[in-house]
Amino acid sequence: MPTLLRRAAVALVVTLMPLAWTSSVRAAGDVVIGAVFPLTGNAAQVGIDARAALETEAEIINGHHDMPMLLGAGGGLAQLGGAHVRLVFADSQNNPQTARAEAERLITQDHVAAIIGSYTSATAATISQVTERYQVPYISADNSSPSLTERGLHWIFRTSPTDVMFTGAMFEFMQAIGERTGHKAASVALIYEDSIFGSDSAAVQRKDAAAAGIRVAADIRYRANSPSLSTEVERLHAADADVLLPSSYTSDAILLMRAMHESGYAPRAIIAQDAGFVQQSFLDAVGPLAEGVMSRSAFALDATRARPAIAPVNALFHARAGKDLNDLTSRDITALQVLADAIGRAGTTQPEKLRAALAATRIDGAQTIMPWRGVAFDDKGQNSEADPVIQQIQGGTWHTVFPFAVATAAPVWNVGK
Amino acid sequence: MAKLPDNAILRRRRRELAAGGAVLLALAVLPLPIADVYTQNLIIMALLFAGLAQAWNILGGYCGQISLGHALYFGIGGYVSTLLFLRAGLPPSLGMFAGGLAAGAAALLVGWPCFRLSGHYYAIATLVVAQIAYLLALNWDFIGGATGLYVPFHAESWGDLAFRTTKRPFHYIALAFAAAAWFAGYLIEGSRWGYAWRAMRDDPVAARSLAVRLLPSKMAAASISGGLAGIGGAIFAQYVGYIDPDSVMSLQLSILIALPAVIGGVGTLWGPLLGAAVQVPISEVSRSWLGGAGRGSDLMIYGALIVTVALLRPAGLASLLRPARRPPPAAEARNANAA
């Protein structure tokens, strides 16, 4: 028996050896950037999509695709003699401890110039701690928990909006549509999953509702990945608020829509906190039930007139991932674009200079694929020009309905009817 | 049953203590030539899990009470020391013992009703209690709720167990923890308690007829085991710098605490250390080599290895250490007769 075990061990070492070699081979002159995302586990699909998005943007920067946006001309980073951007991916398994260890490995073994991450805020919490101690920039592509940029860290730069900004846009929209139609939302119902994402989201919504003088008719926290949401739906039905504000990841979002349908409850308006509601799998799973659902978003796929790069970048991404860009993948692309721009301006990956270049970032929104005013970091590292949009599912696809200036469709607003 | 002469037992105990000292010395000099942070991290996690698995082994191995809820004690230790640091300014180097005490007390509280259950029912009860505590922690805003707690970093300090990028201090902290857990196991193995617990594990009715009091014995094992796990949780919180219920109180963690002991050998002195030395590097290395591909192949290899070990060495890796020493009971009896 021990010989068998020994043979198994030898076989394993022999199979794994070549992998160790390949990972240590590095082309000279490349700019190496680390990416920590959940590539396995309950959020694996998000990480796998993020990987495709970052690879797409690296292809745009390194190749010759001529996209009408910053660094869209390709050919590598001109200021570094055409150096290519090379990505090294690490799997956080959506676990803060693992994310920390992987960030440390990327910095000390792969000598990455910066790290991009990480979807969930709990993993960003530990990654940003590591990058702070090693003094390497962390580009938060899609973490929305406000606390991340409130800890006085110097090496975190968040390109995308926070939950405070997202929720702010939701209430601005309710205010504006109320004035336009004369049917103001008088009450909202909150339903949110119990992790950092859901509870932070609800906390901001509660505060914004109080400030706007809107009554919170129901405030329901539920267990994430719950097997059933029918009791929660009964409570929502009983409260019958004007606007339902759900904060849920994909499986719960699907469950919620189905449970409401089964109990015969159709809220007059649903404005989701992104996440599960903007995943393609949500649309596929609930089909026509999703009609009329609104969500805040950092991205507007249909804003092709104001952002000419959206269509060609999306085509390139689609060829790689087999799906359209969404709110998360678009932010991953933009994060790498912003980072590459800063590396180019710094002319080096030397940390202090790179940090200074990031802090001095000034990118016009039209030079990106995002509907934002632009990218410029405040002294906490938060992009203060990332204005979210409100989108609505009309005819099975997402249309931007707010701000009215960039809207591509008129919102369907059933409150007061 | 054949009884070894007393001096043979004493000789074996001395040999084991000497081996323990040698391993401790080897592990103490191990980090000196290693400059690579990633490998250092790997060794620290292995040592931490060796200590945690030994803590689990004291209750699950020697006492035979299979717990699937040790993340509860781990989490309590982490939260108590972190909260004392954040709210009362108590340095974690002291706070970790407060965390250990709280976790030990929690183990007594859980044990009081649950030890009246036996076998699978006890295992399920521990799992359920830990899940309830996890949900409570997730919804309790005073301890950070789902948002978790950040451990602030002021300056490098042994009192605060805070170090910027150097890993060596944590190596010795984790080593001290693993060594303390090992030594606790060593003392228990040779003590009256250890014999009583093992007798109880093998046959509770017979043990009771020999005046072993079941509930107090189990309670003693649980408090030692829970207390050690709590200290481990406090060290982990300082090491990672951030805790939330998902990372310190989840069911997955309960399994990871028990796993090295199972792989290495349940109820053996060296099993938890061996198991952690195999399990932690396999999971870390397979992830960093293959995890970036995003196909979960690292987890498949990890799973396959655990299955392989379980099939080839059902008694755990520790049984590799002394293949000839444990003849089957029948042979043992024959030898005794011959003598």
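Residues numbered from 1 in each chain as written. Chains lettered and ligands numbered in written order. Predicted model: local features only at pLDDT ≥ 70, side-chain atom pairs only at ≥ 80, totals over all residues.

Moving on: the overall build of chain B. Each helix and strand counted, chain B has 14 helices and 2 strands in total. Computed over its C-alpha atoms, the radius of gyration of chain B comes to 20 Å, within 12% of the 20 Å expected for a compact globule of 339 residues. For the C-alpha atoms alone, the extent of chain B along its principal axes is close to 70 × 45 × 40 Å. Counting over 339 residues, chain B shows a buried share of 50%. Taking as baseline every contact in chain B between residues at least 6 positions apart, the subset at least 24 positions apart corresponds to 75%. (Helix = DSSP H or I, 4+ residues; strand = E, 2+ residues; numbered from the N terminus. Rg over C-alpha atoms; globule rule 2.2 N^0.38 Å. Buried ≥ 20, exposed ≤ 12 C-beta atoms within 10 Å, placed from the backbone. Contact = placed C-beta atoms within 7 Å.)

Let us now look at the overall build of chain A. Per the secondary structure count, chain A includes 12 helices and 14 strands. What you see for chain A is a C-alpha radius of gyration of 22 Å, in line with the 22 Å of a compact globule of 417 residues. Dimensions of chain A, computed from the C-alpha atoms along their principal axes, are close to 65 × 60 × 40 Å. Counting across all 417 residues of chain A, residues that qualify as buried make up 54%. Taking the contacts inside chain A whose residues are at least 6 apart along the sequence as the reference set, 66% of them involve residues at least 24 apart.

Before going further, it helps to spend a moment on helix H6 (residues 168-190) of chain B. The end-to-end C-alpha distance of H6(B), which contains 23 residues, comes to 33 Å, matching closely the 33 Å that a straight helix rising 1.5 Å per residue would cover. Lining the buried residues of H6(B) we find helix H1 (6-29), helix H2 (37-62), helix H7 (192-202), helix H9 (214-240) and helix H12 (271-290) of chain B. (Expected span 1.5 Å × (residues − 1).)

A few words on the environment of A:Pro267. You can see A:Pro267 is positioned in the loop between helix H8 (250-262) and strand S9 (269-272). Note: C-alpha distance between A:Pro267 and A:Thr131 (136 residues apart in sequence) is 44 Å.

So, on to the domain arrangement of chain A. All names here are of chain A. The assigned domain composition of chain A is domain 1 (29-161 + 305-386) and domain 2 (164-297 + 390-406). For domain 1 and domain 2, the distance between their C-alpha centres works out to 28 Å. Considered class by class, the residues forming the side of domain 1 that touches domain 2 number 6 nonpolar, 4 polar and 2 charged. (Domains from an automatic or database assignment. Nonpolar A, V, L, I, M, F, W, Y, C, P; charged D, E, K, R; others polar.)

Attention now goes to the sheet that holds strand S2 (residues 85-91) of chain A. Residue and element names in this part refer to chain A. Within the open sheet, the 5 strands sit side by side as S2-S1-S3-S4-S5. Their pairing is parallel. For this open sheet the edge positions go to S2 and strand S5 (156-158), each flanked by a neighbour on one side alone. Mean inter-strand twist for the sheet, computed between neighbouring axes without regard to direction, equals 25°. Note that strand S3 (residues 115-117) and strand S4 (residues 138-140) share 3 bridges and pair parallel. By the bridge assignment, Gly-117 is partnered in S4 with Ser-140. (Pairing = 2+ DSSP bridges. Axes fitted to C-alpha atoms, helices over the stretch in contact; angles between N-to-C directions.)

The next thing to look at is the nonpolar core. Within the largest apolar cluster, 230 residues are counted, with the highest numbers of intra-cluster contacts made by A:Ile116 and A:Leu339. Residue contributions to this core peak at 17 residues, all from H2(B). Looking at which domains feed residues into this core, each of domain 1 (29-161 + 305-386) and domain 2 (164-297 + 390-406) of chain A gives three or more. With residues up to four places along the chain from it excluded, the contact list for A:Ile116 reads A:Ile33, A:Ala35, A:Leu54, A:Ile139, A:Ala141, A:Ala335, A:Leu336 and A:Leu339. (Core = buried A, V, L, I, M, F, W, Y, C linked by C-beta atoms within 7 Å.)

A common way to state how big an interface is: give the accessible area lost once the parts meet. Contact with chain B, which involves 31 residues of that partner, is made by 42 residues of chain A. Elements represented by at least two residues in the side of chain B that touches chain A include exactly H2, helix H10 (245-248), H12 and helix H13 (297-312) of chain B. When residues in the side of chain B that touches chain A are grouped by element, the largest group, 4 residues, is from H12(B). Broken down by class, the residue content of the side of chain B that touches chain A amounts to 12 nonpolar, 14 polar and 5 charged.

Another aspect to go through is helix H7 (residues 230-239) of chain A. Residues and elements named next belong to chain A. When we look at burial in H7, the residues that qualify are Glu-232, Val-233, Leu-236 and Ala-239. Mapping the buried residues of H7 onto a view down its axis gives an arc of 120°, with all of them on the same face. Facing away from the buried surface of H7 by more than 90 degrees, the exposed residues are Thr-231 and Ala-238. The secondary structure elements touched by the buried residues of H7 are strand S6 (187-193), strand S7 (215-222), strand S8 (243-247) and H8. Positive phi appears at Asp-240, one or two residues downstream of H7, with a value of about 45°. (Arc of directions from axis to C-beta.)

Here we come to the confidence of the model for chain B. Predicted coordinates in regions of low pLDDT should not be interpreted in detail. All names here are of chain B. Taken residue by residue, chain B gives an average pLDDT of 87. The fraction at 70 or more is 91%. When mean pLDDT is compared element by element in chain B, helix H3 (residues 70-88) scores highest at 96, while helix H14 (residues 329-338) scores lowest at 47. Every residue in residues 324-328 scores below 50 in pLDDT, and together they form 1 contact with partners more than four places removed in sequence or on other chains. Low confidence marks residues 330-339, where pLDDT is under 50. Its contacts with residues over four positions away, or in another chain, come to 5 contacts. Complex prediction metrics read pTM 0.81 and ipTM 0.79. (pLDDT = per-residue confidence, 0-100.)

Before going further, it helps to examine the sheet that holds S8(A). All names here are of chain A. Taken together, the 7 strands give an open sheet; going across it, the order is S7-S6-S8-S9-S10-S13-S14, and neighbouring strands pair in mixed fashion. One side of each edge strand has no neighbouring strand; the edge strands of this open sheet are S7 and strand S14 (397-402). Taken over all neighbouring pairs, the strand axes of this sheet differ in orientation by 25° on average, direction set aside.

For chain A, per-residue confidence averages 89 on the pLDDT scale, and residues scoring 70 or more make up 93% of the total. Contacts for the low-pLDDT stretch residues 13-27 of chain A, under 50 throughout, to residues beyond four places or in other chains number 5 contacts.

Further remarks concern the environment of A:Leu106. Within the element layout of this structure, A:Leu106 appears in helix H3 (residues 96-108). Filtering out sequence-adjacent residues up to four positions away, A:Leu106 remains in contact with A:Gly34, A:Val88, A:Ala90, A:Val112 and A:Ile115.

Residue and element names in this part refer to chain B. The interhelical angle for the contact between H2 and helix H11 (residues 251-264), taken along N-to-C directions, is 80°, at an axis separation of 8 Å. By the angle class used here, H2 and H11 are roughly perpendicular. For the pair formed by H2 and H11, the contact residues are Phe-49, Ala-50, Leu-52, Ala-53, Trp-56, Asn-57, Gly-60 and Gly-61 on the first element and Ile-257, Ala-258, Pro-260 and Ala-261 on the second. Taken together, the residues that form the contact of H2 with H11 break down as 9 nonpolar, 3 polar and no charged. (Parallel < 35°, antiparallel > 145°, perpendicular 65-115°, else oblique.)

Residues and elements named next belong to chain A. The buried fraction of S6 amounts to 6 of the 7 residues, a majority that puts the element mostly inside the structure. Handedness of the crossover joining S6 and S7 through helix H6 (residues 196-212) is recorded here as right-handed. Examined bridge by bridge, S6 and S8 share 5 bridges and lie parallel to one another. When the bridges of S8 are listed, Ala-189 appears paired with Leu-244. (Right-handed = clockwise from strand over helix to strand, strands pointing away.)

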